[in-house]
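Listed here are the chains, written in short residue letters.
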Amino acid sequence: MELHILEHSLKVASIAKEGIQICTHGLIKLAFLPSKTRCKFFSLTETPEDYTIIVDEDGFKELPQSEYLSVADATWLALNVVSGGGSAASSQPIGVTKIAKSVIAPLADHNISVFMLSTYQTDFILVRERDLPMVMHTLSSEFTLLRVVNGETVAANCSGVTNGFVKPKLVPRPIIHPLSSPSNMFCVTSLDPDTLPSVATLLMDVMFYSGKEMGAQNEDSGHIRFFSFSLIEGYISLVMDEQTTRRFPNNVLFTSASGELWKMVRIGGQPLGFDECGIVAQISEPLATADIPAYYISTFKFDHALVSTSLSMFGE
Amino acid sequence: MMGSSKPDILWSPHHADRYVICDSELSLYRIGAVGTSEAKAGALLLSEETAATLLAINSDTPYMKCVAWYPKHEPECLLAVGQANGRVVLTSLGQSHNSKCKELVGKEFVPKHARQCNTLAWNPVDSNWLAAGLDKHRADFSVLIWDISSKYSPEAVPAEKLRLSGDADSGMVVTKPLYELGQNDACLSLCWLPRDHQKLLLAGMHRNLAIFDLRNTSQKTFVNTKAIQGVTVDPYFQDRVASFFEGQVAIWDLRRFEKPVFTLTEQPKPLTKVAWCPTRMGLLATLTRDSNVIRLYDMQHAPTPIGDETEPTIIERGVQPCSENVISSFAWHPSTQNRMVVVSPNRAMSDFTVFERISLAWSSTTSLMWACGRHLYECTEESTGGGAAEKDIATKMRERAQSRYGHDTVQLWRNHLLAGGTDPQLRSLWYTLHYILHRLSQYTEDLEQRQQGSKQSLIYSGIKNIIKSSSGTTESRRCWKGSDRPTDVAQYHSEERSLALQLCGWISCGPDVDVEPFLKSLEQEGEWERAASVALFNLDIRRAIQILNKGASAEKGDLNLNVVAMALSGYTDEKTSLWREMCSSLRLQLKKPYLCVMFAFLTSEPGSYDAVLYESRVAVRDRVAFACMFLNDNQLPRYIDKLTNEMKEVGNLEGILLTGLTKDGVDLMESYVDRTGDVQTASFCMLRGSTPEVVKDPRVQCWIENYRNLLDAWRFWHKRAEFDIHRSKLDPSSKPLAQVFVSCNFCGKSISFSCSAMPHQGRGFSQYGVSGSPTKSKVTSCPGCRKPLPRCALCLMNMGTPVSACTGTGKSDEKVDLPRDKKLAQFNNWFTWCHNCRHGGHAGHMLSWFRDHSECPVSACTCKCMQLDTTGNLQPSDNV
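Residues numbered from 1 in each chain as written. Chains lettered and ligands numbered in written order. Predicted model: local features only at pLDDT ≥ 70, side-chain atom pairs only at ≥ 80, totals over all residues. Heavy atoms only, no water.

A few points about the confidence of the model for chain A
Confidence in the prediction of chain A, expressed as mean pLDDT, is 81, and 84% of residues score 70 or more. Counted against residues more than four places away or in other chains, residues 312-316 of chain A, with its pLDDT under 50, gives 8 contacts. (pLDDT = per-residue confidence, 0-100. Contact = heavy atoms within 4.5 Å.)

Concerning helix 19 (residues 679-686) of chain B
In terms of residue burial, helix 19 of chain B counts as a mostly covered element, since 8 of its 8 residues are buried. The set of residues buried in helix 19 of chain B consists of V679, Q680, T681, A682, S683, F684, C685 and M686 of chain B. (Buried < 20%, exposed > 50% of the residue type's maximum accessible area, 1.4 Å probe, protein only. Helix = DSSP H or I, 4+ residues; strand = E, 2+ residues; numbered from the N terminus.)

Focus: the sheet that holds strand 27 (residues 329-332) of chain B
All names here are of chain B. Read across the sheet, 3 strands follow the order 27-28-29 without closing on themselves; strand pairing throughout is antiparallel. Two strands bound the open sheet, and with one partner strand each, they are strand 27 and strand 29 (349-353). Sheet twist, expressed as the mean angle between neighbouring strand axes with direction ignored, is 20°. (Pairing = 2+ DSSP bridges. Axes fitted to C-alpha atoms, helices over the stretch in contact; angles between N-to-C directions.)

Looking at the pairing of strand 9 (residues 152-155) of chain A
Residues and elements named next belong to chain A. Examined bridge by bridge, strand 8 (residues 144-149) and strand 9 share 4 bridges and lie antiparallel to one another. Bridge assignment links R147 to a residue of strand 9, and that residue is V154. Linking two consecutive strands that pair antiparallel, namely strand 8 and strand 9, is a turn of 2 residues; a positive phi of about 50° is found at N150 within it.

Here we look at the state of the cysteines
Residues and elements named next belong to chain B. Under the definition given, this model contains 0 disulfides over all chains. Free of any disulfide, C22 has its nearest neighbouring cysteine sulfur in C66, separated by 9.5 Å. The exposure class assigned to C22 is buried, which follows from its relative accessible area of 7%. (Disulfide = S-S within 2.5 Å.)

Focus on the packing of helix 12 (residues 578-586) of chain B against helix 13 (residues 593-603) of chain B
Residues and elements named next belong to chain B. Here helix 12 crosses helix 13 at 140°, and the two axes come no closer than 9 Å. For the element pair helix 12 / helix 13, the angle class is oblique. Every pair of crossing elements has a handedness; the one defined by helix 12 and helix 13 is left-handed. Contact with helix 12, carried on its side by W579, R580, C583 and S584, involves F599, L602 and T603 of helix 13 and no other residues of that element. (Parallel < 35°, antiparallel > 145°, perpendicular 65-115°, else oblique. Left-handed = near helix turned anticlockwise from the far one by under 90°.)

As for the pattern of salt bridges
All names here are of chain B. Scanning all chains against the criterion turns up 60 salt bridges over all chains. The closest approach of N and O atoms between D17 and R18, which form a salt bridge, is 3.9 Å. A salt bridge links R289 to D290, with the nearest nitrogen and oxygen atoms 3.7 Å apart. R289 gets classed as partly exposed once you look at its relative accessible area, which sits at 41%. Looking at D290, the relative accessible area reads 41%, which means it is partly exposed. Taken together, the salt bridges that share partners define one network made up of K464, K648, K663, D664, D667, E670, D697 and R699. (Salt bridge = Lys/Arg side-chain N within 4 Å of Asp/Glu carboxyl O.)

Brief notes about the sheet that holds strand 20 (residues 240-245) of chain B
Residues and elements named next belong to chain B. If you trace the 4 strands from one edge of the open sheet to the other, you get 19-20-21-22, paired in antiparallel fashion. Two strands close off the open sheet at either side, each with one partner strand: strand 19 (229-233) and strand 22 (262-263). Sheet analysis places strand 20 next to strand 21 (residues 248-253), joined by 6 bridges and oriented antiparallel. Among the inter-strand pairings, V241 is bridged to a residue of strand 21, identified as W252.

And the structure:
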């Protein structure tokens, strides 16, 4: 297995709901006009609390500084696992499940805080830049580490950083944060970048305006407002609830042949912060053990796991 | 939405007149000649000769991302279309009644997870296999190989997973691919490898090219690279693959896949299409975005990675098929050589044939070859003798080399006969050189009598310098021979002037200044007019008349000469006579220059002989001799200088008489070589140069080297050796130093060196059989340490032993008396060895061994010695 350390230096930011108007210009540019910026990594996730933005340094310049914008302290790097192998058994575990044991758990053991972003195409594990030597040390036994430098993939060297690290504490990881599960079902999908202009207004509506009109109604019925859009290296990924997908014209969204729908599990009663580690591991390890496919999307305040509907119940 | 996509173009793989333009829909066109019945009114003009007719439009497949044409003849017009959601649809154009097609048309191949289909490729052998390259998905494969003949089978896919949007006719939907490759990755381009149809080359997002073998998909060969777009196999060299990234094209060799063999010059804009020409080897066409130029790279002579790492020789060209219009895409015609159709973003098309480069080569003989496309033309000189056109100088030189031109060192003048005897300039040149050498030998003979050191060099330096040194000229007025009347013609004499006359050939050496022997020789050669005029200039009218009469009565003689003789006999020195008046006007009508100058001399005022001196049809030597006799000390140098410059300017070899073999002579020869290219004459002539400076002149050295190269190129190796011997005789400094030394295996001393260093031992190199008489050489041990010399690998005799007669052809014994065979036998005794395996032996043995074998004669040595010698297998084209 190969672990690619991507080139993007990422910022994780939160935009308060009431301040979104100030940022819409920049966000629309980042989401729909990729040729106008040098941004290569952009993700926007709307939750009931706020908007979480993950963006590279070039893209970050597009956002105006304001009181509504809070930025997490660190610079983050994205890791990406590439299985490398050709064909494997067709029933390979999907997404986070696959990397739970090999990446997420070892990092948790070494007290490395991670920030997860699952997309239609792949899973990104974000780690703080300052943690990178430790990350490489931790994962070098399991993976071939490759680093992208100026677009070229080169072997990453992790020698000389093995001294002075604390030994991992191998303790059981109980789930310590409260979990909640909204009643609406979610869909992870994508679309052809060429068709993006045709649905741009719809997407803008979904991103910036649909929360208000449906807000009250949704909360009554146990629905949650959750929408995620990402444009990473030219690939679009969307996470939205089933109701929202119906607003799109036929044949625009990529639907999987099985038409899967996913159940959301929200992690955290209080905002989780960025320093606590092991949260992803607490959720993903049991899922992996039970071989349940899952997506995992971290936001500024809470974490969200999406699990296959047929197998959504797991031990709390 | 799809209208924004730029049109692409595909040629039908089997119908040379059909192609498809695809943008938002598929349009089938037929191309034909302008004006034929097929090209109707609606036809679009593609070029001056061709037009296209729209046959059919298919707009059933929206969200088209890529198209691939079914590679087999039947069904004829079946296309696979890859869509934005990853589905692959089979469709057809204008083939409604084709039943075979009907089964397939409309069939859909659907991936588990929707994402864009980037590329499609039909397997070239098993045409049921269609490979589709898709964008990446977190849990799906990016390369799906579909079997188009597979039927939908409910067992294969669980019913619950069949919630497919809008597929009423589920019988036409296939969801189970034959093979799945490349997980967690996108596939941007792919191609089947023609060498092995089970192998597939994939280019993925994670910056690698990978070769998969479908028989064992867990193994792959891969290489990291950015160049992952548009992988395509060279149809003429199936291990060569091109791929690109932004503005750069990388060329790969699958046998050495670690890195590109080379990359082409980077272009400022990103590339959109790269395609090998299907009709011409090693020609790659590339197109960049928003460009009106298609760049062609001819890598016919590009190195393979197996050979040396030399700089690739790639010829780059740009073609502009439709002037200023931007090109959206292009497609090579599948069978017509170098033809392509290009399409612009607004669907304007044009038919275009890339003109083939013309390459041209001269052979070392006079033939000329040029190649254009598949045509090869040869142009050779017509060998019909006496043709109107003069032979090329190279042909002349070759013929002259064969007739040993330049090698007659005793009678130099004969060399002009060896050169064919037709060129007056060469004749004059060799006579001049002959007279110079002849005169020189005379001087050497009576060296004791006089102090002649300065004279020697003077002879070489030409009449121009001889005249300049002239002193003590005496003037005389001689009488006409056989008459007492003194002439009013003044004649001048001096030692230098008579030397000049000798060099002109008028008089021979010695004290007597008799012109009679020269007249006799001219009579013999039938040069009656010239002889008569020389006699006349020597004031012997009677002799002149006699010569003319003789000429008239000779076989094939010109009877007009009698008339001239009559006219001559009427000579009178009376200034106002009718004879004089008539002669001076009528002489201009005489065709023969010598007759003309005779009357000019007789009718001119004393001291002004321009009509004689500037009659260019008269040989330079005669004019110079005349000038030496009749011009005074003021006039003569001026005339000679003027004539010299004239000769130098036009490169007339007759001028060598004036310049001699001096720097001046080299200048003259330079303009001669510039005019004719005859380095052969220049080399032979200048080797005779007096002073080392002349021979050392870089121009002279250049001519000599070029002549040697020319002989080598003609494979006239014996002639070249002869020339080198000739050269080293005349210019001892050109003798090459010994380049090879043989050292003893035991003491390490050079066996030849030890001989020369110890002369008291009295042994020359010849004793080792390297040169000299073979019969005497018996020394088979090192003179330094007395250990035996190496053995011949064939006869096992030590070096130094002559070749025994029984080996080889066995005929050497019979003909041993012939000098030629003797020479050969000597060569057979030479020792030769391979520089690679260091085995060797007698040259004769080695030659006969390698006539029948390719490997070294030493057992267990597999060295192919002779093949390592590039010239070893060439035969000399001249005879020994």
